[in-house]
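Below, each chain spelled out in residue letters.
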Amino acid sequence: MVFHVLTIFPEFFRGPFEHGVVGRAIESGKVRIAVHNLRDWTSDRHKTVDDRPFGGGEGMLLKAEPIFLAAESIFQERRPDRKVVLLSPQGKLFDQAAARRLSEAAEVLLICGRYEGVDERVAGYLAHEELSIGDYVLSGGELAAAVVIDAVARLLPGVLGNEESALRESFSALEHGPGVLDCPQYTRPAEFRGWKVPEVLLSGNHEQIRRWRLEAALEKTARLRPELLEKLKN
Ligand code: ADE
């Protein structure tokens, strides 16, 4: 799968993908990340990518034209397996279902918004989806693009090793839709600074362990993410 990233900070993407699962996926050729500098599609001396908003207001917006020109040169023809995504705090929430949807594509172009926003014609006539990674405002879409790439890449066939995929299947309810969170887990030592691992986990009784894990997962979900349980009921 190819991830194209359109940004005014191409250097940002030097580090994040050198390590871990995505780093290995790149090395083995299962994933390619092509970073494109938005300023390469400007034609004025100052390589201007932004302008003031019509109707007044604070700040600057990314202009439509360089973004359209870039997208049209990166994807010279539109195909159903090529997706264009705009990252912005106004987007639809990026969740595991969205990650799964994007993992079906052959190529994804991630457009990183900047400044106070992006000319709305990008969301309206260029992007298939406008996505937000959470209800908070970042100073740009670059971190969001990195989050999307990580979440999508690990769903691609062969990217996680067998063991990791098996773990994903059995433990991560969120991988299968909004559900309950993973259960709490512990490793050695059995007692750390006086805090003990729940006795049942040391018991070797698999049925009791299974029941404890389910209950602990439900308790933690109710405490930290009650809205997930509400979704389950509906
Ligand atoms: N750009 C700024 N904030 C963002 C967010 N929460 N998600 C995606 N892109 C963003």
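Details of the structure are given in the entry above.
Residues numbered from 1 in each chain as written. Predicted model: local features only at pLDDT ≥ 70, side-chain atom pairs only at ≥ 80, totals over all residues. Heavy atoms only, no water.

A. Up close: the pattern of salt bridges. Counted under the stated rule, the structure contains ten salt bridges. One salt bridge connects Arg210 with Glu207, and the closest N-O pair in it is separated by 2.8 Å. With Arg210 and Glu207 both in helix α7 (residues 206-224), this residue pair falls three residues apart, about one helical turn. For Lys233, the salt bridge is made with Glu230, and the minimal N-O distance between the two is 3.1 Å. Taken together, the positions of Lys233 and Glu230, both in helix α8 (residues 226-233) and three residues apart, correspond to about one turn of that helix. What emerges from the salt-bridge pattern is a single network uniting Glu207, Arg210 and Arg211. (Salt bridge = Lys/Arg side-chain N within 4 Å of Asp/Glu carboxyl O. Helix = DSSP H or I, 4+ residues; strand = E, 2+ residues; numbered from the N terminus.)

B. Spatial organisation of the site of the ligand. Near the ligand there are 13 residues, and of these Ser88, Ile133, Gly134, Tyr136 and Leu138 occur at the shortest range. Within the backbone of Ile133, an N or O atom sits 3.0 Å from a nitrogen atom of the ligand. Contact distances for the ligand include 3.1 Å between a nitrogen atom and a backbone N or O atom of Gly134. Coverage of the ligand by the protein amounts to 97% of the 260 Å² it exposes when considered alone. Counting residues per element, the ones that place at least two in the shell around the ligand are β5 (82-93) and β7 (129-132). Ranked by residues supplied to the shell around the ligand, first place goes to β5 with three residues. Here the shell around the ligand is composed, by residue class, of eight nonpolar, five polar and no charged. (Near = heavy atom within 4 Å. Polar contact = N/O pair within 3.5 Å; in protein donor to acceptor, adjacent residues only side chain to side chain. Areas by Shrake-Rupley, 256 points an atom, 1.4 Å probe, with all protein chains shown as cover. Nonpolar A, V, L, I, M, F, W, Y, C, P; charged D, E, K, R; others polar.)

C. Highlighting helix α3 (residues 96-103). Burial in α3 covers these residues: Ala98, Ala99, Leu102 and Ser103. Considered in projection along α3, the buried side chains sweep an arc of 140° and stay on one side of the axis. As for α3, its buried residues are in contact with β5, β6 (107-112), β7 and α5 (142-153). (Buried < 20%, exposed > 50% of the residue type's maximum accessible area, 1.4 Å probe, protein only. Arc of directions from axis to C-beta. Contact = heavy atoms within 4.5 Å.)

D. The arrangement of unusual backbone geometry in detail. Of note, the amide linkage connecting Arg188 to Pro189 takes the cis form, showing an omega dihedral of 5°. Mapped onto the elements, Pro189 comes out in the loop between α6 (162-171) and β8 (191-192). Although it is not a glycine, Lys47 sits at a positive phi angle of roughly 50°. For Lys47, the location among the structural elements is in the loop between β2 (32-37) and β3 (50-51). Even without being a glycine, Arg193 presents a positive backbone phi close to 50°. With respect to the element layout, Arg193 can be found in the loop between β8 and β9 (195-196). Residue classification places Arg193 among the exposed positions, given a relative accessible area of 69%.

Honestly, it's all geometry; don't read function into it.
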